[in-house]
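# Descriptive analysis of the structure
So the chains spell out like this:
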Amino acid sequence: MSLTALAATFATVFLAELPDKTMFATIALVARYRRPLLVWCGATAAFALHVTVAVVAGSAVTRLPERLVGIVVVLLFGFGAVAMVRASRRQTTDIETDRDAAPPTSLRVVVGAFGFVALAEWGDLTQLATAGLAARSGSPASVWVGAALALASVAALAAATGQQLVRRIPLARINLAAAVVFAALAAWTLLTVAVGS
């Protein structure tokens, strides 16, 4: 294992993922489910899948149809925006009602976070960067570890931030803000797909 390749991959992927859509998606998922550790587990599992695909496939990942990936991401973020608006409408100011509501099961939270991140990250910049690093480094195991650690770290930051937001801001407002972010990301992705055509 090459520590140089691991460190270079960690730095590259961490910095690329920090301002990425998945950080905002993770914050929104934590706000929705209020289970940051479970959201982090689901997101990290999805990242591990993507890193594995990127390392194994190398540069082949870059050959996926960009337009198809873009359309799926647009639909996913559009669905996320609608779901967040619906969730904000269901919120009440009655704290007791909120406490009495049955929380989602642990499995539902993990699977929901995994599914969302797995779809949203497909063909993402960090996955493509990981594929390129794996193809060039000669040490795919180092690239896998570096990329997985970087993505798990970003997800942990987002989960921790999301938990702090939930404690300070009413959930209905967080859901509406998340809906705006999802709608903006859907619009941006749609514009990118249209311009790239």
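Up top is the structure.
So, a few notes on the structure that sits alongside this text. Nothing here was measured: the structure is a model prediction, and the numbers come from that model.

### A word on the overall build of the chain
When its secondary structure is counted, the chain shows 9 helices and 0 strands. Walking the chain from its N terminus toward its C terminus, one meets helices and strands in the order α-α-α-α-α-α-α-α-α. A separation of at least 24 residues holds for 92% of the contacts in the chain among residues at least 6 apart in sequence. For the chain, the accessible area works out to roughly 10,300 Å², and carbon and sulfur atoms hold 70% of it.

### Structural notes on a nonpolar patch on the surface
A surface patch of nonpolar side chains, amounting to about 370 Å² of accessible area, comprises Trp188, Leu191 and Val195. Within the element layout of this structure, tryptophan 188 appears in helix H9 (residues 171-196).

### Re the packing of aromatic side chains
In the structure shown here, the tally under the stated rule is 1 aromatic pair. Taking the centre distance of 5.6 Å and the plane angle of 15° together, the rings of phenylalanine 10 and phenylalanine 14 count as stacked. With phenylalanine 10 and phenylalanine 14 both in helix H1 (residues 3-17) and 4 residues apart, this pair spans about one turn of that helix. The class for phenylalanine 10 is partly exposed, based on a relative accessible area of 29%. Look at phenylalanine 14 and you get buried, because its relative accessible area is 18%.

### Quick look at unusual backbone geometry
Unusually for a residue other than glycine, arginine 34 sits at a positive phi of about 55°. In this structure, arginine 34 sits in the loop between helix H2 (21-33) and helix H3 (36-57). Of the residues examined, arginine 34 reaches a relative accessible area of 36% and is grouped as partly exposed.

### Remarks on the environment of threonine 4
In this fold, threonine 4 is placed in helix H1. For threonine 4 and serine 142, which are 138 residues apart along the polypeptide, the C-alpha to C-alpha distance reads 8.4 Å.

### Regarding the environment of leucine 38
If you trace the backbone, leucine 38 turns up in helix H3. In the structure, leucine 38 is positioned 71 residues away from valine 109 in sequence and 6.2 Å away in space, judged by C-alpha atoms. Residues in contact with leucine 38, not counting those within four places in the same chain, are Ser106, Val109 and Val110.

### With respect to H2
An ideal rise of 1.5 Å per residue puts 18 Å on 13 residues; H2 measures up with 18 Å between its terminal C-alpha atoms. Of all the 13 residues making up H2, 11 are buried; the element is thus mostly covered by neighbouring parts of the structure. For H2, the full list of buried residues reads Lys21, Thr22, Met23, Ala25, Thr26, Ile27, Ala28, Leu29, Val30, Ala31 and Tyr33.

### Considering empty space enclosed by the protein
For the coordinates displayed, the defined rule picks out 1 cavity of 30 Å³ or more. Looking at the largest cavity, its volume works out to about 50 Å³. Around the largest cavity, the lining residues are Phe47, His50, Val51, Ala54, Glu121, Thr126, Gln127, Thr130 and Leu151. Counting residues per element, the ones that place at least two in the lining of the largest cavity are H3 and helix H7 (125-137). At 4 residues, the largest contribution of residues to the lining of the largest cavity is made by H3. Tallied by class, residues from the lining of the largest cavity come to 4 nonpolar, 4 polar and 1 charged.

### Here we look at the environment of leucine 3
With respect to the helices and strands, leucine 3 occurs in helix H1. In the structure, leucine 3 is positioned 136 residues away from serine 139 in sequence and 9.7 Å away in space, judged by C-alpha atoms.

Each value, and the rule that gives it
Residues numbered from 1 in each chain as written. Predicted model: local features only at pLDDT ≥ 70, side-chain atom pairs only at ≥ 80, totals over all residues. Heavy atoms only, no water. Helix = DSSP H or I, 4+ residues; strand = E, 2+ residues; numbered from the N terminus. Contact = heavy atoms within 4.5 Å. Areas by Shrake-Rupley, 256 points an atom, 1.4 Å probe, with all protein chains shown as cover. Patch = residues over 30% accessible without salt bridge, like charges linked within 9 Å, V, L, I, M, F, W, Y side chains within 5 Å. Salt bridge = Lys/Arg side-chain N within 4 Å of Asp/Glu carboxyl O. Phe/Tyr/Trp six-rings, centres within 6.5 Å; stacked < 30°, edge-to-face > 60°. Buried < 20%, exposed > 50% of the residue type's maximum accessible area, 1.4 Å probe, protein only. Expected span 1.5 Å × (residues − 1). 1 Å grid on protein atoms, 1.4 Å probe; cavity = no way out; pocket = protein on both sides within 12 Å on 5 of 7 lines; lining within 4 Å. Points joined across faces, edges and corners; volume = space filled by probe spheres on them. Nonpolar A, V, L, I, M, F, W, Y, C, P; charged D, E, K, R; others polar.

The quantities given are spatial measurements derived from coordinates; they are silent on function.
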